[in-house]
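# Topology and contacts: notes
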Amino acid sequence: MASAILVLPIALLAALFMSLTVGGNSNSAPVAPAVGANALSVLRAALLVGVVAGFGAILQGGSISETIGKDLVTGVTITPLAATAALLTAASLITIGNSYGIPIPSAFTVTGAMVGVGIALGGGFAVHEYIVILEFWFAIPVVEGVLAYGLARGLQSDRLPETVGIPFLAGAVGYALANIQLTIIPSPSGAQGSVARYLATTYDLLPTPVVGSYTLGMIAVSVVGGLVALAATRALLQRDEATGINQFLVALGLIVVFTSGGTQVGLATGPLETIFETTLQMPAIILLALGGGGILLGAWIRGPRLVQAVSNEYATLGPRRSIAALIPAFLIAQLAIVLGIPISFNKVMIASIVGSGLAADSSSGSGVSPRKVGITVGSWVGSMLGAGIVSYALYLLLNALLGGG
């Protein structure tokens, strides 16, 4: 039987390879609308993506990493050799997609690969978990497309001045930011906590429950956060409307990048989650830091190409429709973190860009590339099935060559 001590370094290198791939593939997409709107250059966007997504990976990546590592198969524990096979399969397929300019969804690929090696280990299908994940995945294009389309139409309406509509959206984002889960903030349940919950609990602000454990105090803190964001954005617009819109667009894009780092790092670190807890007996934050570092490097090395592809090939967006694309992506991704559901930011951003792009008047020459969208949908389906088959076969091959694993 292959020694875990011999296989583990390979597994760690595979996780680093996967995080590099994810950094260049999925985390670059949120800034594509800002680049498409000429609010940010491609190279500067790639630089910022690496730093911001790296921090997001460390501060928000725990819940999805746990789902990937422990919840996709039943009856078995993922071994270092199985983790290596899954990570190599997923990273290789995503890299091939990048080489041909096809955004392969990371979550589909990693999920399929983990299920494949889990079955090869003798595990069973976690049917309930798959149903929850698939329902969320299928809902993403519909919910995001509708939200992005509605927001884009609203922002384009002459009845809603920019100095009102955009600050209002900024306020909504500020409210949501007060409630995002962060690993550095403790909570009574031991899970990730939010700024709103921490401040409301620490200072005993209006502890009356509203929904579940969500209190009036948390609402009050969140409202203050929203008002600060609203006032700051309105001040930018009043100083110079065009510049203010672009500055808000860049800030919003980086917020989504931070979120994407939190959702995507688990795709690289999840397969090693159990190994770090049992074999190495090391805290998960070290694993997340490894993934965050890989995402940073991947964004710097490979990000510019995908930013260019997504911003130019899917839709030609102006600043308003770009804002309309980013806000639904942020909200959906944060919900995925709360629920611990792995998602692909290729899928998230494409759905938002398509919905926002459809709001354009057809006579303006803007819109969506049907061919590119069709290729993308095909890649979503094929990547999960292909990754499952390849990882299953790769694990059996490595197991046979190494004499057991």
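The structure this text deals with has already been given above.
The sections below set out a description of the structure shown in this document. It should be emphasised that the depicted structure is a prediction, and the values quoted were computed from it without experimental measurement.

For the rest of this paragraph, the subject is the overall build of the protein. Summing up its helical and strand segments, the protein has 16 helices and four strands in all. Expressed as a percentage of contacts within the protein between residues at least 6 apart in sequence, the contacts between residues at least 24 apart total 84%.

Orientation of helix α14 (residues 319–339) relative to helix α15 (residues 345–357), taken along the N-to-C sense of each, is 145°, at an axis distance of 8 Å. When the axes of α14 and α15 are compared, the crossing they make is right-handed. Between α14 and α15, the contacting residues are R321, S322, A324, A325, L326, P328, A329 and A333 on the first element and F345, V348, M349, S352, I353, S356 and G357 on the second. By residue class, the composition of the contact of α14 with α15 is 10 nonpolar, four polar and one charged.

Here we come to the nonpolar core. Judged by nonpolar contacts, the single largest core of 98 residues is most densely connected at M18, L272, I323 and I343. Per-element tally for this core: the top contributor is helix α11 (residues 241–269), with 12 residues. Leave out the neighbours within four places in its chain, and L272 touches A11, L12, A15, A83, L87 and L287. With five residues, the next largest nonpolar core counts A196, A200, M218 and V221 among its residues.

What follows covers the environment of I68. Positionally, I68 belongs in helix α4 (residues 62–70). Along the sequence, I68 and P342 sit 274 residues apart, while their C-alpha atoms lie 7.4 Å from each other. If we ignore the near neighbours within four places in the chain, the residues touching I68 are V110, T111, M114, G266, L267, G270, P271 and P342.

Turning next to a nonpolar patch on the surface. Judged by side-chain polarity, L47, V51, F55, L297, W300 and I301 come together as a nonpolar surface patch covering roughly 590 Å² of accessible area. Sorting the residues of the nonpolar patch by element identifies α3 (42–60) and α13 (284–313) as the ones contributing at least two each. A residue is classified by how much of its surface remains accessible, and W300, at 39% relative accessible area, is partly exposed.

What counts and what doesn't
- Residues numbered from 1 in each chain as written.
- Predicted model: local features only at pLDDT ≥ 70, side-chain atom pairs only at ≥ 80, totals over all residues.
- Heavy atoms only, no water.
- Helix = DSSP H or I, 4+ residues; strand = E, 2+ residues; numbered from the N terminus.
- Contact = heavy atoms within 4.5 Å.
- Axes fitted to C-alpha atoms, helices over the stretch in contact; angles between N-to-C directions.
- Left-handed = near helix turned anticlockwise from the far one by under 90°.
- Nonpolar A, V, L, I, M, F, W, Y, C, P; charged D, E, K, R; others polar.
- Core = buried A, V, L, I, M, F, W, Y, C linked by side-chain atoms within 4.5 Å.
- Buried < 20%, exposed > 50% of the residue type's maximum accessible area, 1.4 Å probe, protein only.
- Patch = residues over 30% accessible without salt bridge, like charges linked within 9 Å, V, L, I, M, F, W, Y side chains within 5 Å.
- Areas by Shrake-Rupley, 256 points an atom, 1.4 Å probe, with all protein chains shown as cover.
- Salt bridge = Lys/Arg side-chain N within 4 Å of Asp/Glu carboxyl O.

Interpretation in functional terms is not warranted from these geometric data alone.
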